[in-house]
Structures are given as C-alpha cells and as structure tokens.
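Analysis of the macromolecular model
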Amino acid sequence: MAGEDWIECKLGEACSSIDYGLTASASGVAVGPRFLRITDIVSGSIDWNSVPYVAAGEAEQEKYRLDDGDIVLARTGASTGVSAYVKEPPGAVFASYLVRLKAKPEFDSRFLAYYLKGDAFWSFIRGVLGDKSAQPNASASTMTQAPLRAPRTKATQGAIAHILGSLDDKIELNRRMNETLEAIARALFKSWFVDFDPVRARVEGRDSGLPKNLAALFPDSFQESEVGKIPRGWELGVLDQLIEVVLGGDWGGDDQTEELSEPARCIRGADIPDLQMGGAGKMPVRFLRPSSLKKRRLNSGDLVVEISGGGPTQSTGRPVLLSRGLLSRVNMPLVCSNFCRLLKPRLPAFSTFVYLWLRWLYSNDELLQFENGTTGIKNFAFTLFRSSYKLCMPPLEILEAFDQQVSPLFDKQQANGTENDILVALRNTLLPKLISGQLRLKDAERMAAEASS
C-alpha cells in the first residue's frame, strides 16, 4: 500500500504466547469441552458442531482454553502448517498436535491468521519440511521463526483483515444456510418416509399440517411387511428399481484408438462433503474418450456415491446430488472417479428421494453393515446393498409431490454454493496482494463490497 510503513519481524515476535495443546482422547459424548484437533481445521474453517469432546479438569480447561481471536496451527502430518482463526468458540480446548498462537496487543490477530495462509509463510514451511515425506512435522519454535511483514499500525492490519474477513464471513453464512436447507429437506423426508407422519395423522383423525390435496395422497391405514408396518398400498423394493448404475473412471490412458475428449472435472470421495457448499473448482481434471464421456457424463438429477474411502473414522456411502446449479458452476463436463458410482434415476421424481434416503442411511450408520476392508481402505459393498436392502417405496404421485417440496431447497443451496465459489476466488486473489501491500485498501474494499452485495 503506497505510503504505508511496514515492519519486518519473526512471527513469534508478534505473539504474546505460543502453546502446545492437550494430550488426551476425544469422545463423541459431551463429557467436557469441545476438543479441537488437526482434522477439524483442515478445511481452513471450524465447524464446531462436528468437533468432539474431551474429559478435562478445571486446570486443563483453563490452560488449554481457546478464546476468540486465537489462532491454531498444525505441527505434524500432511497438514503441517495448516491453520485456522478461532472466532466466537464454544467452551473448547485444543489437542496436542496443534499450536495455539495469541497475538500481542499491537498486532491484529486476524491479520496474522491471514498471513499464515499467504505465500511467504508457506514458502518458509516448505523449506522447513524439505523432503520429510514419511511424517512431516515442525516444532512451534521453528514455525514461528517465519518472516513476517506487516503494516506498522494495528488499524491498517485490521482494515486488511476486515476486507478478507467480510468475504469469509459471507462464505460461512452461506455454509450455515446450506446446512439449514439440507436439514429442512432431511426432516421432511424423515417425516414422510420414515416416521410416516401424514399417514399417522390420517389414522388418528388429526390435521397433518399439509395442504388438503397433499394430505389426501397418503393412505389412512398401515399394513404389515417383513420390515414392520408400512403405509397401506406402499411396497417394499430395492434401490435397483429406482436407479441405473454407471461405473466411474475409465480415463483415456494409453489407448489412443480414439482421440481424447475435452477435459472433464472429476468428483472424488473427498470432494463430496463440499460440493453442495461450494468447492466446485477443487476437483481435478481428467481426460476421457468421447464414447466413455457420453456414458459417464453427469447430468442434472444424477447422484454420486463414494464406494471406497480411507481412515478409521471415515465411512463410505456418502452421496451427493447433482443439480443444475452445481453443474453450472463447473466450466467443463463432470464425471466421477473410479472410487465412486454414478446413479441415474429412472424417473426425475426419484432423484431427491434417493438422495435423501441414502443421506439418512449414511447419517444413521445404516450403511456400515455393507462395509468391508481394512482401517486404511474401506469399501462399500454397493452391488449387494442396491440389490438387497429393502426400502419402503411410496406411489409415484407422492414422490412427485415430495420432489416439488424439496427441489427449491436444493436450488437455493446451489445458488449459495455458486456465490461461495465466487467469494473464495476473490478472497484468494485479494489475500496475497493485501498481505504483501500490492493492492490499495480502497480498491480491495470496493471489490469485496461488490462481491458481497
């Protein structure tokens, strides 16, 4: 920034404290405060709802407590150097493989958080790690030797952080809104097709809360089935009756009998959690033969399911629904990897029903019975699942009515995802220029305001 006085120092000189975290085991039960780990910050933001708990005494909670404005920094593994800014945390402490940084009063903590995402810091980290490919790691004292260049005044640091933060705050707002939209759709699915609330209301002579034309579509009694009572007239079936399956993968490879097609973006299992929140640009590019692309290209209403994944806590079977909004965010054809399966609904009305049914099964660990493999690589026995697991299938007219109810929720979700992709791209453009002083604050403020409006 022209005319602005910048100072140069070490990162550690900008910190009032640099601390290692608590060595303990995480728990899924609320036995104490939230327990932030490396895996909880790899996306660059923190979803506190997914952070586990830890049994910690009062002294430990005081020593390792996370406060608003703290920064956490990973010090081991493939994520060494990854960081996150702590904003309005619940009661929480941090794990031993993280380092907590607290900014000195004369430094803006969020500015330091953005510095940790910039080229200067990452160039330093790559130099520190060198060829430690087996198990990368760096001590807190080493990482905080990184060279820091910052505006001398805290006000200017804060102004830079505010511009970048306004974009990240909008991204986070969209993410939370998308979670709410998904929760509404999943709650409606559970009400109609798991708890059978509209049917129970008719059986008991109560108002279901649905418009009369919708309520009339549901039967007023139940019938016995091999899985228990189901609405009268509904049938038990299997997923194969609703979808056709296409294998993933099949890239051009060494076979040049056909010219390679235009490039295609490829959905991997790791991409699935982010796709309905943004992140379309993260997918790698693959090349397919024209005939293969014609068969494997994803279209609106298709679904992708992960069938092979890694890690002791990551289960397979995660689905993602491909909507028009998602496809429009990808600037080339879209396919899925050979660790996924492409599901093509036999009728358009099946799309949202199948997605939310799979999502409900996944969330309730119902798919674990079809998993096999090691703790390193888990496989989903999808062929067995889709041909044998019984689901309660309502008549087509109810599925069509359900699709009309939830499709607008997914359309809004994808609109938010499109906006997030734009905001992320702008933030990534502004960050290095602002952190290095190459861009004037007024120009950056204008660009951020236009993107957030």
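Residues numbered from 1 in each chain as written. Predicted model: local features only at pLDDT ≥ 70, side-chain atom pairs only at ≥ 80, totals over all residues. Heavy atoms only, no water.

Considerations on the packing of aromatic side chains
Under the defined criterion, the tally for this structure stands at 24 aromatic pairs. With 5.3 Å between their ring centres and 75 degrees between their planes, Phe370 and Phe385 make a pair best called edge-to-face. Within this pair, whereas Phe370 is found in the loop between α11 (350–363) and β20 (371–373), its partner Phe385 is found in helix α12 (residues 382–388), the two being separated by 15 residues in sequence. Taken individually, Phe370 and Phe385 each receive the classification buried, so the pair is uniform in this respect. Following the ring pairs from residue to residue traces out a cluster consisting of Phe189, Trp192, Phe193, Phe196, Phe218, Phe222, Trp234, Phe353 and Phe402. (Phe/Tyr/Trp six-rings, centres within 6.5 Å; stacked < 30°, edge-to-face > 60°. Helix = DSSP H or I, 4+ residues; strand = E, 2+ residues; numbered from the N terminus. Buried < 20%, exposed > 50% of the residue type's maximum accessible area, 1.4 Å probe, protein only.)

Observations regarding the sheet that holds strand β2 (residues 15–20)
The 4 strands are arranged β2-β7-β4-β5 in an open sheet whose pairing can be described as antiparallel. Lying at the two open borders of the sheet, with one neighbouring strand each, are β2 and β5 (83–85). Strand-to-strand, the axes of this sheet are offset by a mean angle of 20 degrees, without reference to chain direction. Inspection of the sheet shows strand β4 (residues 71–74) paired to strand β7 (residues 98–103) by 4 bridges, in the antiparallel sense. Its bridge partner being in β7, Ile71 is matched across the sheet by Leu101. (Pairing = 2+ DSSP bridges. Axes fitted to C-alpha atoms, helices over the stretch in contact; angles between N-to-C directions.)

Structural notes on α11
For α11, spanning 14 residues, the distance from its first C-alpha to its last is 20 Å, which sits close to the expected 20 Å at 1.5 Å a residue. Along α11, 11 of the 14 residues are buried, which leaves the element largely enclosed by surrounding structure. Restricting attention to buried positions, one finds in α11 the residues Phe350, Ser351, Thr352, Phe353, Val354, Tyr355, Leu356, Trp357, Leu358, Leu361 and Tyr362. With its phi angle positive at about 60 degrees, Asp365 sits one or two positions after the end of α11. (Expected span 1.5 Å × (residues − 1).)

So, the nonpolar core
Counting 48 residues, the largest nonpolar core has Phe193, Val354, Trp357 and Phe385 as its most contacted members. Within the residue set of this core, elements represented by two or more residues are α5 (154–193), α7 (212–215), β15 (303–306), α11, α12, β22 (391–393) and α13 (396–436). Counting residues per element, this core draws most heavily on α11, at 9 residues. The contact partners of Val354, leaving out residues within four places of it in the chain, are Leu239, Leu242, Ile243 and Leu303. Leu101, Ala138, Leu434 and Ala451 belong to the second largest nonpolar core, which has 43 residues in total. (Core = buried A, V, L, I, M, F, W, Y, C linked by side-chain atoms within 4.5 Å. Contact = heavy atoms within 4.5 Å.)

A few points about unusual backbone geometry
Of note in this structure, Phe196 is not a glycine but carries a positive phi near 55 degrees. Assignment of secondary structure puts Phe196 in the loop between α5 and α6 (197–203). Residue classification places Phe196 among the buried positions, given a relative accessible area of 7%. In this structure, Asp365 takes a positive phi of about 60 degrees despite not being glycine. For Asp365, the position within the fold is in the loop between α11 and β20.

Topic: the pattern of salt bridges
Applying the stated criterion to the full structure yields 25 salt bridges. Note that Lys190 and Asp195 form a salt bridge whose closest N and O atoms lie 2.7 Å from each other. In this structure Lys190 comes out as partly exposed when scored by relative accessible area, which is 33%. Arg386 is the partner of Asp240 in a salt bridge, and the nearest nitrogen-oxygen pair spans 2.7 Å. Of the two residues, Asp240 is situated in the loop between β11 (235–237) and β12 (243–247) and Arg386 in helix α12; the sequence distance between them amounts to 146 residues. Since its relative accessible area comes to 18%, Arg386 is described here as buried. By sharing partners, the salt bridges in this structure join Asp47, Glu172, Arg175, Arg176 and Glu179 into a single network. (Salt bridge = Lys/Arg side-chain N within 4 Å of Asp/Glu carboxyl O.)

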